[in-house]
Amino acid sequence: MTGKANPTLAARDDLGRSPQPLRTVMAGIHTWLGILFGWLLYFMFATGTLGYLDTEIDRWMRPELPPAQYVLPRELAAQHALNYLQTHASGAQRWMVQLSVDRNEPYLRVEWQPKEGGQEATSAWLDAATGAQIAVRETGGGQALYQMHWQLHYLPQGFTEWVVAIASMALLLALLTGIVVHRRFFVDFFTLRLRKGQRSWLDAHNVASVATLPFQLMISYSGLVFLMFSFMPLVVNAWYGVSPTAGRTFYGELFPPMAVASASGVQRPSVPVAQLLNQAQVHWNGAQAAALDIHHPGDANARMHVIGNFASGPVRSAGILVFEGVSGSLLAERPAWQSTLRASRDLLLGLHEGLFADAWLRPLYLLSGLLGCVMIASGMVLWTVKRRQRSLRAYSGASPGLVWVERLNPGIVLGLPIAFAAYFWANRLLPVDMAQRALYEVHVMFGVWCVMLLYAALTAPARTWRVQAWVAALGFGAIPVLNLLTTHRHLGQSLPAGDWVMAGFDLGALTLGCLFACASKFMQRPGPGA
Amino acid sequence: MRQTAQQPGKKPASQPWCVLSRTLAGGVGGYALAQVLPVALVAPWGLPRADAVLAAMLLGILVYAIAFMAAFAAVSAHRAWLNLALWMLVSGGAVWWLL
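These figures come from a predicted structure and were not determined experimentally.

## Brief notes about the overall build of chain A
The helix and strand tally for chain A stands at 20 helices and eight strands. Across its three principal directions, the C-alpha atoms of chain A cover 85 × 60 × 40 Å. When the 530 residues of chain A are sorted by exposure, 43% land in the buried category. Long-range contacts, defined as pairs at least 24 residues apart, comprise 68% of the intrachain contacts of chain A with a sequence gap of at least 6.

## Regarding unusual backbone geometry
Residue and element names in this part refer to chain A. Positive phi values are uncommon outside glycine, yet Tyr-154 reaches one of about 65°. Checked against the element boundaries, Tyr-154 lands in the loop between α4 (141-151) and α5 (157-181). A positive phi angle is found at Gln-436, which is not glycine, with a value near 55°. Accessibility expressed as a C-beta count within 10 Å gives 9 for Gln-436, which makes it exposed.

## Section: the packing of α5(A) against helix α8 (residues 213-231) of chain A
Residue and element names in this part refer to chain A. Between α5 and α8, the least distance of the axes is 9 Å, while the angle of their chain directions is 145°. As α5 runs across α8, the sense of the crossing is left-handed. Note on element contacts: α8 touches α5 through Gln-216, Leu-217, Ser-220, Tyr-221, Gly-223, Leu-224, Leu-227, Ser-230 and Phe-231, opposite Glu-161, Trp-162, Val-164, Ala-165, Ser-168, Met-169, Leu-171, Leu-172 and Leu-175. Residues that form the contact of α5 with α8 fall into these classes: twelve nonpolar, five polar and one charged.

## Re the sheet that holds strand β7 (residues 320-324) of chain A
Residues and elements named next belong to chain A. With respect to topology, eight strands assemble into an open sheet ordered β4-β3-β2-β1-β5-β6-β7-β8, the strand pairing being antiparallel. Single-partner strands in this sheet number two, and they are β4 (133-134) and β8 (330-334). Here strand β1 (residues 94-98) pairs with strand β2 (residues 108-113) via five bridges, running antiparallel. Considered in β2, the bridge of Gln-98 is made with Arg-109. Packed on one face of the sheet, helix α11 (residues 273-283) meets β6 (303-307) and β7 and runs near 45° to β6.

## A word on the pairing of β6(A)
Residues and elements named next belong to chain A. With five of its five residues buried, β6 lies for the most part within the structure. Neither face of β6 is left uncovered, since the one carrying Arg-303, His-305 and Ile-307 and the one carrying Met-304 and Val-306 both have all their residues buried. Two strands pair when backbone bridges link them, and strand β5 (residues 291-295) and β6 are joined in this way by five bridges, in the antiparallel orientation. In the strand pairing of β6, His-295 is matched with Arg-303.

## So, the domain arrangement of chain A
All names here are of chain A. Segmentation of chain A into domains returns domain 1 (1-63 + 137-253 + 341-346 + 358-396), domain 2 (74-136 + 254-340 + 347-353) and domain 3 (399-530). With 27 residues of domain 1 at the contact, the number on the domain 3 side is 23 residues. Put simply, the parts of the chain that give the side of domain 1 that touches domain 3 at least two residues each are α1 (22-51), α2 (54-61), α7 (198-211) and α13 (361-393). Per-element accounting of the side of domain 1 that touches domain 3 gives the leading share, eight residues, to α13. A class-by-class count of the residues in the side of domain 1 that touches domain 3 yields 14 nonpolar, six polar and seven charged.

## Re the confidence of the model for chain A
Within chain A, residue pLDDT values average 88, and 92% of them lie at 70 or more. Contacts for the low-pLDDT stretch residues 1-18 of chain A, under 50 throughout, to residues beyond four places or in other chains number 54 contacts.

## Observations regarding the nonpolar core
Counting 129 residues, the largest nonpolar core has Tyr42(A), Leu173(A), Ala419(A) and Val53(B) as the members making the most contacts within it. Ranked by the residues each element gives to this core, the list is headed by helix α3 (residues 49-73) of chain B, at 18 residues. Shared between two domains, this core holds at least three residues of each, these being domain 1 (1-63 + 137-253 + 341-346 + 358-396) and domain 3 (399-530) of chain A. Not counting chain neighbours up to four residues away, the residues in contact with Leu173(A) comprise Ile29(A), Leu33(A), Ala65(B), Phe68(B) and Met69(B). In terms of nonpolar packing, the next biggest core, distinct from the first, is built from 39 residues, Ala77(A), Ala92(A), Ile294(A) and Ala302(A) among them.

## So, the environment of Met169(A)
All names here are of chain A. Here Met-169 shows up in helix α5. The buried category is assigned to Met-169, around which 26 C-beta atoms lie within 10 Å. Along the backbone, Met-169 and Ser-220 are 51 residues apart, and their C-alpha atoms lie at a distance of 7.2 Å.

Calculation criteria
- Residues numbered from 1 in each chain as written.
- Chains lettered and ligands numbered in written order.
- Predicted model: local features only at pLDDT ≥ 70, side-chain atom pairs only at ≥ 80, totals over all residues.
- Helix = DSSP H or I, 4+ residues; strand = E, 2+ residues; numbered from the N terminus.
- Buried ≥ 20, exposed ≤ 12 C-beta atoms within 10 Å, placed from the backbone.
- Contact = placed C-beta atoms within 7 Å.
- Axes fitted to C-alpha atoms, helices over the stretch in contact; angles between N-to-C directions.
- Left-handed = near helix turned anticlockwise from the far one by under 90°.
- Nonpolar A, V, L, I, M, F, W, Y, C, P; charged D, E, K, R; others polar.
- Pairing = 2+ DSSP bridges.
- Domains from an automatic or database assignment.
- pLDDT = per-residue confidence, 0-100.
- Core = buried A, V, L, I, M, F, W, Y, C linked by C-beta atoms within 7 Å.

Laid out in structure tokens, this is it:
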């Protein structure tokens, strides 16, 4: 990467004044930020990449759900949802209805907030055709995995926000300094020399990074945009003053409350929901509503929020209409496009989440995320391979730091996918009526990861790479069998029925298992590196 | 960290302190600058204030990244701090004058 130059951090020494070229300095930043934040970023990338398949994983982990249906008239589904809420949540202060719209929201789902503050919202899945509740097992699903990529786990929210913000900034810096360090973008893009030790790891690192560089830059920058309200509070103070309420005033102007009213306590029947949905459709030139949010349902002061689809384009934004509950008159409107700057922020958030991505773009998102994992993993391995060779050349022992990174690398890189597989196994094997089941699924995941890390700490790295690749191969490869033994939506049923989400998950897991098996075979063959 | 061939006349012990000093300049100083310089840049646009905050924050992320790299690209750690202080002073003055 840097030839003979040593990537020390200081550009030109403050005393010796020996000039080092800019590339060397940037290589130093790249290396040290990479090694310090690599493992955390790998976790964020791996869980975030699974987020691009979140609703597919949700579905697999709730095998009780039938394949999604979008064909029904939405008015009917909405009426079913409201009937259900009327029966089961008549005293609630808020009802939310998510219509089955697309890949992101495949099911009719209701949620309600009880009157007493502090109580958690309850939710239920409904059959869009009949309005009957579908009993589903308690699971964290794909959402729990997806949320880990910024919430981490077992840690307080205020703390993880800062950790994730710093790691994201480290990633952005590693990318920018990596660009400065890297000179031969186009040549290296087509260069992958296998089984050449350090050179192969560098090639792998370069190919994975350069191929997806626009994605990686977008994802790190937009990731910081998600967190910017928390980590740049002084900017708010510049315009809103230093009073403690400045932040609240800012949020109030950015997301103004719409037609707020308090409950009157007088019960009045609400306007038919079909009328509101049609009114919204006319208002939005044919675009349909995706969700309803009803404040004070059944009250004389009921407020019906009709919400458009946030995933209709890369700009993550939707129109919202607020109707008077009893008369059905339009009280307030928030258009999808409010101003260029709000839309810029919405665009960055939308690009990051990729909710708008269709069947063509979604695989590209997935591939870019996976290559991001490869970029980080190969960078971490490259760091150790380089230092190992140096210590061999110098006939000195490897430093303890190097030995630890060498040993733990496979425990992170392969141990995490194994932990994901364990999470899926837990979903099928934990008793369906278990209390706090979703919590224990995650405990199983992190427990298995701890075991993998412990094994890695006690074992020679080459052996850990091989053994854990086999464990991962088994963990993923056997998932279709697990599904066959524990549910009725196995490949024998899902393939003939054309249930592509269920079949796709099983086949995807099988493919992943085969890839891990190939990797393990590859590592068994004698050769330098790895 | 691996020891390299030392330049003549250079104290080996000096380097970690320089790195720490630059890391602080880039990490902490850059963080401060990222919340002041964009405010000075955005204030003259005359945006509604909620939008102005968004614009300054979107720019602030880039300012932070550039400031961090600049702290390491500077000739010396002292120079890195000096540059940072100058930028802070100029942009802070501009903010005070504009808002």
